[in-house]
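One-letter residues, chain by chain:
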Amino acid sequence: MRLTEFHERVTLRFGAAYGASVLTDHVLSGFDGRTAAQAIEDGVDPRDVWRALCVDFDVPREQW
């Protein structure tokens, strides 16, 4: 997944303002205390970060 697609999915799912907050404020399960933004900055594949967000926020599987 490209980073632009990742950001599009976050915006579509959470909205622009809340999505930005989710990326910087929510600590992901299983990512050593990192937020989505920190994980992306550390080089984690955006697809893995998106899946972690989906799990944490109970996003329906067909939207992953």
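By the naming in an unreviewed UniProt entry, the protein chain goes by Signal transduction histidine kinase and is assigned to Mycobacterium branderi.

Novice: Talk me through the environment of R34; I want residue IDs and the actual numbers.
Specialist: Summarising the element assignment, R34 is placed in the loop between α2 (16-25) and α3 (36-41). Along the primary structure R34 and W64 are separated by 30 residues, whereas in three dimensions their C-alpha atoms are 20 Å apart. When neighbours within four sequence positions are excluded, R34 is seen to be in contact with H26, V27, L28, A39, D42 and V44. Reaching out from R34, the side chain makes a polar contact with the backbone oxygen of F31 at a distance of 3.0 Å.

Novice: Before we move on, can you summarise unusual backbone geometry with the specific residues and values?
Specialist: Unlike most non-glycine residues, D32 shows phi in positive territory, near 55 degrees. With respect to the element layout, D32 can be found in the loop between α2 and α3. Residue D32 is classed as exposed on the basis of its relative accessible area of 74%. Positioned with a positive phi, D58 is a non-glycine residue whose angle comes to about 50 degrees. Judged by relative accessible area, D58 falls into the exposed class, the value being 65%.

Novice: So what about the environment of G15? Which residues, and what values?
Specialist: Tracing the chain through its elements places G15 in the loop between α1 (3-14) and α2. A relative accessible area of 26% means that G15 is categorised as partly exposed. Every residue in contact with G15, bar those within four places of it in the chain, is listed here: V10 and A20.

Novice: Run through α2, naming residues and quoting values.
Specialist: Buried within α2 we find G19, V22 and L23. Down the axis of α2, the smallest arc covering the buried residues is 95 degrees, so these residues share one side. Within α2, the exposed residues directed more than 90 degrees away from the buried face are A17 and D25. At its buried positions, α2 is contacted by α1, α3 and α4 (46-56).

What counts, and at which threshold
Residues numbered from 1 in each chain as written. Predicted model: local features only at pLDDT ≥ 70, side-chain atom pairs only at ≥ 80, totals over all residues. Heavy atoms only, no water. Helix = DSSP H or I, 4+ residues; strand = E, 2+ residues; numbered from the N terminus. Contact = heavy atoms within 4.5 Å. Polar contact = N/O pair within 3.5 Å; in protein donor to acceptor, adjacent residues only side chain to side chain. Buried < 20%, exposed > 50% of the residue type's maximum accessible area, 1.4 Å probe, protein only. Arc of directions from axis to C-beta.

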